[in-house]
Amino acid sequence: MTTGAPRQSLSEWLQSEQPASRRQARLGQAWRTWVLFTGNRLGMIGLGIVVLLVLVATFANVIAPYDPVLGGDLRTERLLPPSMVHLMGTDDLARDIFSRVIHGARLTLLVVALVAIIATPIGLLVGTVSGYYGGWVDTVLMRITDIFLAFPRLILALAFVAALGPGIENAIIAIAITSWPPYARLARAETLTIRNAEHIDAIRLQGASSGRIIWGHVVPLCLSSVIIRVTLDMAGIILTAAGLGFLGLGAQPPQPEWGAMIAGAPRFIIDYWWVATMPGIAIFTVSLGFNLLGDGLRDVLDPKAEK
């Protein structure tokens, strides 16, 4: 009587050197990437901060003890220092700063997510098309990209918001418009090294169209580098959104946006330090988290990095 082959554990199945299907190969690659990433302590700290931001934004209504918009009694609850009742104190309108910071995480996550969703595909499309076709297409698209790169991001975002009008929606559009050029440059550089590869030539000889080659074969090979750059740019996106809010062109009162919260605090900075310090710490922490996460992803996903 013969016995069947011993049953593989999930870990052994994922780490198999001879995957039986494309699905197993992809899951195995994802598993190995995760194992490498878990060995990066700073990257894991960054991931923890980002996950905490997502959880805080998701459960803001549960975590925040007070309404972020409505204030308390101006006679007795205005500009109170941090205490057990108000963990981060209150502002000049007697609003609980902790509750406003918690709800501000939602706006921050919204800005980061929407800018990434809008800017990344634009940058990938422009960069891969430019690098694949070359010639006058490359010249035109890269000169447009250079025009955007010639201006500091915040200055260019200010110009677009001034044209579109103040508001969080227009701020997101303006930041997205100014964020795609670095991704286009990176995707173009990757495409230039890929377009003449042997497997691309083989696909071309089989009759695949240029669009199919770009979308199905070039873009996936550029994704890892672009994802790393997008993650590293998240801190800059957060700071740009906070800068627009500080200047009154981003989220409008009474929305609890971190930059807008700091905008009204300079006149209280000496005697009531917590009004500006608490949202400033939130901006610093989240920006640090995205930077650490981006560094960790670069160490794992960048094929040119030393392993």
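Residues numbered from 1 in each chain as written. Predicted model: local features only at pLDDT ≥ 70, side-chain atom pairs only at ≥ 80, totals over all residues. Heavy atoms only, no water.

Draft legend 1. Spotlight on the overall build of the protein. Helix and strand counts for the protein come out as 12 helices and zero strands. Along the chain direction, N to C, the helices and strands of the protein fall in the order α-α-α-α-α-α-α-α-α-α-α-α. Seen through its principal axes, the protein has C-alpha atoms that stretch 80 × 70 × 30 Å. Classification of the 307 residues of the protein by burial places 43% in the buried group. (Helix = DSSP H or I, 4+ residues; strand = E, 2+ residues; numbered from the N terminus. Buried < 20%, exposed > 50% of the residue type's maximum accessible area, 1.4 Å probe, protein only.)

Draft legend 2. Highlighting the pattern of salt bridges. For the structure shown, the criterion picks out nine salt bridges. A salt bridge links D73 to R75, with the nearest nitrogen and oxygen atoms 3.3 Å apart. The exposure class of D73 is partly exposed, given its relative accessible area of 29%. Put simply, D295 and R298 hold a salt bridge, and the shortest N to O gap is 3.0 Å. Of this pair, D295 and R298 both sit in helix α12 (residues 274-301), three residues apart, which is roughly one turn of the helix. D295 gets classed as partly exposed once you look at its relative accessible area, which sits at 29%. (Salt bridge = Lys/Arg side-chain N within 4 Å of Asp/Glu carboxyl O.)

Draft legend 3. View of the confidence of the model for the protein. Residue-level pLDDT values for the protein average 84, and 92% of them are 70 or greater. Under a pLDDT of 50 for its full length, residues 1-5 has, in the predicted model, zero contacts with residues more than four places off or in other chains. (pLDDT = per-residue confidence, 0-100. Contact = heavy atoms within 4.5 Å.)

Draft legend 4. Spatial organisation of the layout of surface pockets. Considered as a void within the structure, the largest pocket measures approximately 560 Å³ in volume. Forming the walls of the largest pocket are 13 residues, and the residues nearest its centre are Q29, T33, P220, S224 and L301. Tallied by class, the residues present in the lining of the largest pocket amount to seven nonpolar, three polar and three charged. (1 Å grid on protein atoms, 1.4 Å probe; cavity = no way out; pocket = protein on both sides within 12 Å on 5 of 7 lines; lining within 4 Å. Points joined across faces, edges and corners; volume = space filled by probe spheres on them. Nonpolar A, V, L, I, M, F, W, Y, C, P; charged D, E, K, R; others polar.)

Draft legend 5. Local environment of a nonpolar patch on the surface. Taken together, the side chains of V51, L55, F59, V62 and I63 make up a nonpolar region of the molecular surface, amounting to roughly 450 Å² of accessible area. The topology assignment puts I63 in helix α4 (residues 60-63). (Patch = residues over 30% accessible without salt bridge, like charges linked within 9 Å, V, L, I, M, F, W, Y side chains within 5 Å. Areas by Shrake-Rupley, 256 points an atom, 1.4 Å probe, with all protein chains shown as cover.)

Draft legend 6. Just the packing of aromatic side chains, in detail. Applying the stated criterion across every chain yields a total of five aromatic pairs. Judged by centre distance (5.7 Å) and plane angle (85°), the ring pair of W273 and W274 falls under edge-to-face. For W274, a relative accessible area of 5% corresponds to the buried category. Taken together through their ring pairs, the aromatic side chains of Y272, W273 and W274 make up a single cluster. (Phe/Tyr/Trp six-rings, centres within 6.5 Å; stacked < 30°, edge-to-face > 60°.)

Draft legend 7. A look at the nonpolar core. Ranked by internal contacts, the top residues of the largest apolar core, which has 73 residues, are I97, V111, W258 and F290. Broken down by element, this core gets its largest block of residues, 15 residues, from helix α5 (residues 97-133). Look past the residues within four positions of F290 in its chain and what remains in contact with it is V50, L53, V112, T231, M234, A235 and I238. (Core = buried A, V, L, I, M, F, W, Y, C linked by side-chain atoms within 4.5 Å.)

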